[in-house]
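The primary structure of each chain is shown beneath.
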Amino acid sequence: MNNNIVVAIDGFSSCGKSTIAKALAKKLNFVYVDTGAMYRAVTLYFLRNEVDVTNQTQVETALNNIHISLKTTDGQVSIFLNDEDVSEEIRQMHVASNVSKIAAIPAVRHAMVKQQQLMGKSINIIMDGRDIGTTVFPDAQVKLFMTADPKIRAERRYKELVVKQPDITMEEVFENLALRDHDDTTRKESPLVQAADAIVLDNSYLTPDEQLEFALNKIKPFIKE
Ligand SMILES: Nc1ncnc2c1ncn2[C@@H]1O[C@H](COP(=O)(O)OP(=O)(O)O)[C@@H](O)[C@H]1O
Ligand SMILES: Nc1ccn([C@@H]2O[C@H](COP(=O)(O)OP(=O)(O)O)[C@@H](O)[C@H]2O)c(=O)n1
């Protein structure tokens, strides 16, 4: 049996999952895997290639032609779609508006989950997403379920996006988060749901340092000096 440590972080959109995951990975020297970025990269491929999602053959062919990899340099995570760095493009609104529909397709989920399980098979890992503690690593030693007030989440995401997408509006961001949360929690295949053994972390009124401290205290008992 492998004795690597898996930390699963799930939760609603824009509630600080990747912020806490990156900080934990840096502090503990674990590998960080942003599974949302993987679904965003698949979505970008489907959009660019006009894949008909109602056509199973087209979906399967597309998935066979997609190779996704993640690279962390100086704490910055880059995602590659068939060797092209798509880290910036996957954050655009056209991807955010389509990702939850693509991520609901069973064949897409099976392909991503398989890759994610391989990534966390033998190394200490922090993985964030929607189904990590329920489907990808149901035996993860530590599971966090993150949430925050929807208005606060939308404000945080707006502030982040408007720097690179000046035309974006607060309403557009709020609606996108609400719609994705709805789609993610109601889809048939591994919906976003709190695992029974997950620890809830509401960070509406916590600073990034406070949330990091909270998570570190949950993980430390599993780390052998
Ligand atoms: N505790 C916090 N207080 C204020 N802003 C935060 C906090 N945690 C994260 N953020 C900011 O909120 C935005 C969304 O966080 P992110 O980690 O990308 O969320 P997620 O991965 O859940 O979508 C980012 O701009 C991030 O810097
Ligand atoms: N494990 C995961 C991770 C993301 N996703 C999908 O991918 C979308 C984008 O994920 P993300 O983590 O980048 O989203 P943000 O919360 O960062 O905006 C989500 O809204 C889900 O539809 C998923 O279905 N399962």
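Predicted model, so just to flag it, every value in this text is computed and none were measured.

### Brief notes about the side chain of Arg187
Tracing the sequence through the fold places Arg187 in the loop between α9 (170-186) and β8 (199-202). Within the structure, the side chain of Arg187 is placed 2.9 Å from the backbone oxygen of Ser190, a separation counted as a polar contact. With near-sequence residues (within four places) excluded, Arg187 lies in contact with Ala103, Ala104, Arg109, Arg130 and Leu192.

### Section: the UniProt feature "domain: Cytidylate kinase" (unreviewed entry) in the chain
Using the residue numbers shown here, the UniProt feature "domain: Cytidylate kinase" (unreviewed entry) corresponds to residues 7-220. The span residues 7-220 is 49% helix and 18% strand, and its two end C-alpha atoms sit 11 Å from each other.

### Considerations on the site of ligand 2
Surrounding ligand 2, one finds 20 residues, the nearest of these being Arg40, Arg109, Arg157, Arg180 and Asp184. At 3.4 Å, a side-chain N or O of Lys17 approaches an oxygen atom of ligand 2. Measuring from an oxygen atom of ligand 2, one finds a side-chain N or O atom of Arg187 at 2.8 Å. Protein chains bury 97% of the 530 Å² of accessible surface belonging to ligand 2 in isolation. Where the shell around ligand 2 is concerned, the elements lending two or more residues are α2 (35-48), α5 (99-103) and α9. Across the shell around ligand 2, the residue classes break down as four nonpolar, six polar and ten charged.

### Quick look at the nonpolar core
Among the nonpolar cores identified, the biggest contains 36 residues, and Val42, Phe46, Ile66, Ile68, Ile79 and Val108 are the most heavily contacted of them. Every element with two or more residues in this core is listed here: β1 (6-11), α2, α3 (56-64), β4 (76-81), α5, α6 (106-119), β6 (125-129) and α7 (132-136). Among the elements that line this core, the one with the most residues is α2, at eight residues. Residue contacts for Ile79: discarding those within four places in its chain leaves Ala37, Met38, Ala41, Ile68, Ser69, Leu70, Glu84, Asp85, Val86, Ser87 and Ile90. One finds Ala21, Leu24, Ile126 and Leu212 within the second-largest nonpolar core, a separate group that totals 21 residues.

### Quick notes on the sheet that holds strand β3 (residues 68-73)
The three strands are arranged β3-β4-β5 in an open sheet whose pairing can be described as antiparallel. In this open sheet, the two edge strands, each paired with only one partner strand, are β3 and β5 (84-85). Summarising the sheet, β4 and β5 pair through two bridges and their orientation is antiparallel. Counterpart to Phe80 in the pairing with β5 is Asp85. Strands in contact with α2 are β3, β4 and β5; relative to β4, the strand with the most contacts, it is inclined by about 35°.

### Considering the packing of helix α1 (residues 17-28) against helix α10 (residues 208-219)
Between α1 and α10, the least distance of the axes is 10 Å, while the angle of their chain directions is 55°. In this view, α1 runs oblique relative to α10, as classed from their interaxial angle. Helix-helix and strand crossings are classified by hand; for α1 and α10 the assignment is right-handed. Residues Thr19, Ile20, Ala23, Leu24, Lys27 and Leu28 of α1 pack against Gln211, Leu212, Ala215, Leu216 and Ile219 of α10.

### Details of the site of ligand 1
Around ligand 1 lies a shell of 15 residues, among which Lys17, Ser18, Thr19, Glu160 and Leu206 are the nearest. Contact between ligand 1 and Ser18: an oxygen atom at 2.8 Å from a main-chain N or O atom of the residue. Here Arg156 contributes a side-chain N or O atom positioned 3.3 Å from a nitrogen atom of ligand 1. Across the complex, the protein chains shield 77% of the 560 Å² of accessible surface that ligand 1 would expose by itself. Those elements that place two or more of their residues in the shell around ligand 1 are α1, α8 (150-162) and α10. Of the residues belonging to the shell around ligand 1, the class tally is three nonpolar, seven polar and five charged.

### Quick word on α1
An α-helical turn contains 3.6 residues, so a residue and the one three or four places further along point in the same direction. Taking 1.5 Å as the rise per residue, α1 with twelve residues should run 16 Å; its terminal C-alpha atoms sit 16 Å apart, in good agreement. Residues Lys17, Ile20, Ala21, Leu24, Ala25 and Leu28 constitute the buried set of α1. In an axial view of α1, the angular spread of the buried residues amounts to 130°, which keeps them on one side of the axis. Facing away from the buried side of α1 by more than 90 degrees, the exposed set consists of Lys26 and Lys27. Turning to α1, the residues buried within the fold contact β1, β2 (31-34), β6, β7 (142-147), β8 and α10. At the exit of α1 stands Asn29, carrying a positive phi of roughly 60°.

Rules used in this analysis
- Residues numbered from 1 in each chain as written.
- Chains lettered and ligands numbered in written order.
- Predicted model: local features only at pLDDT ≥ 70, side-chain atom pairs only at ≥ 80, totals over all residues.
- Heavy atoms only, no water.
- Helix = DSSP H or I, 4+ residues; strand = E, 2+ residues; numbered from the N terminus.
- Polar contact = N/O pair within 3.5 Å; in protein donor to acceptor, adjacent residues only side chain to side chain.
- Contact = heavy atoms within 4.5 Å.
- UniProt positions renumbered as here; feature names shortened; annotations may be inferred.
- Near = heavy atom within 4 Å.
- Areas by Shrake-Rupley, 256 points an atom, 1.4 Å probe, with all protein chains shown as cover.
- Nonpolar A, V, L, I, M, F, W, Y, C, P; charged D, E, K, R; others polar.
- Core = buried A, V, L, I, M, F, W, Y, C linked by side-chain atoms within 4.5 Å.
- Buried < 20%, exposed > 50% of the residue type's maximum accessible area, 1.4 Å probe, protein only.
- Pairing = 2+ DSSP bridges.
- Axes fitted to C-alpha atoms, helices over the stretch in contact; angles between N-to-C directions.
- Parallel < 35°, antiparallel > 145°, perpendicular 65-115°, else oblique.
- Left-handed = near helix turned anticlockwise from the far one by under 90°.
- Expected span 1.5 Å × (residues − 1).
- Arc of directions from axis to C-beta.

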